Amino acid sequence: MSSAGDIEKLKKMLNQPGCADAPLPLSDETLGELLDRKGCFEAAAYEACLRMAENGAVRLSGGTSAPSQDSYWRMMARVYRPPVGGGLRRADEVTNR
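Residues numbered from 1 in each chain as written. Predicted model: local features only at pLDDT ≥ 70, side-chain atom pairs only at ≥ 80, totals over all residues. Heavy atoms only, no water.

Engineer: Mind showing me how you'd approach the nonpolar core here?
Structural biologist: In a soluble, globular protein the nonpolar side chains are often hidden away together inside. Formed by 21 residues in total, the largest nonpolar core has its most connected members in Leu-10, Leu-14, Leu-31, Ala-48, Cys-49, Met-52 and Trp-73. Mapped onto this core, the elements with two or more residues apiece are helix H1 (4-14), helix H2 (28-38), helix H3 (41-52) and helix H4 (70-80). Looking at which element gives the most residues to this core, the answer is H3, with 6 residues. (Core = buried A, V, L, I, M, F, W, Y, C linked by side-chain atoms within 4.5 Å. Buried < 20%, exposed > 50% of the residue type's maximum accessible area, 1.4 Å probe, protein only. Helix = DSSP H or I, 4+ residues; strand = E, 2+ residues; numbered from the N terminus.)

Engineer: Would you mind showing me how to read the pattern of salt bridges here?
Structural biologist: Two side chains that carry opposite charge are able to pair once their charged atoms sit near each other. Scanning all chains against the criterion turns up 5 salt bridges. Here Arg-51 and Glu-47 are joined by a salt bridge, their closest N and O atoms 3.5 Å apart. Placement of the pair is Arg-51 and Glu-47 together in helix H3, with a separation of 4 residues, close to one helical turn. (Salt bridge = Lys/Arg side-chain N within 4 Å of Asp/Glu carboxyl O.)

Engineer: Whenever I open this one, the packing of H1 against H2 confuses me. Can you help?
Structural biologist: Between two packed helices, both the angle of their axes relative to each other and the distance between the axes serve to describe the pair. In the contact formed by H1 and H2, the axes pass within 10 Å of each other and the chain directions differ by 100 degrees. With respect to their mutual orientation, H1 and H2 come out roughly perpendicular. Contact with H1, carried on its side by Asp-6, Ile-7, Leu-10, Lys-11 and Leu-14, involves Asp-28, Leu-31, Gly-32 and Leu-35 of H2 and no other residues of that element. Broken down by class, the residue content of the contact of H1 with H2 amounts to 5 nonpolar, 1 polar and 3 charged. (Axes fitted to C-alpha atoms, helices over the stretch in contact; angles between N-to-C directions. Parallel < 35°, antiparallel > 145°, perpendicular 65-115°, else oblique. Contact = heavy atoms within 4.5 Å. Nonpolar A, V, L, I, M, F, W, Y, C, P; charged D, E, K, R; others polar.)

Engineer: Would you mind going over the packing of aromatic side chains with me for this structure?
Structural biologist: Two descriptors summarise a pair of aromatic rings, namely the distance from one centre to the other and the angle between the planes of the rings. Following the criterion strictly, the structure yields 1 aromatic pair and no others. Aromatic pair Tyr-72 and Trp-73: ring centres 5.0 Å apart, planes at 80 degrees, arrangement edge-to-face. With a relative accessible area of 5%, Trp-73 lands in the buried category. The ring of Phe-41 carries the charged tip of Lys-9 above its face, separated from the ring centre by 4.3 Å. (Phe/Tyr/Trp six-rings, centres within 6.5 Å; stacked < 30°, edge-to-face > 60°. Lys NZ or Arg CZ within 6 Å of the ring centre and 35° of its normal.)

Purely spatial values, then, with no claim about function.
Structure below.
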């Protein structure tokens, strides 16, 4: 099980610049489960960003609206995306057998 310190570290990774005290839409329990399941901070942050990247635009009566933050969270997910695939071998290093 993830410690409170681990969850706080993950929260700091996910905080938006200038909004350090703003609450995240994911609970501490959810962040702890992500850390336990994924096994590392970067993979847990990637999954959390993807979960927060849904369209959250709000429009209230009277014309008040709040834009969606989905593009920000997709950009943050790219920061923490795990490497995909292996390295490529150079053509001159490949030997025919």
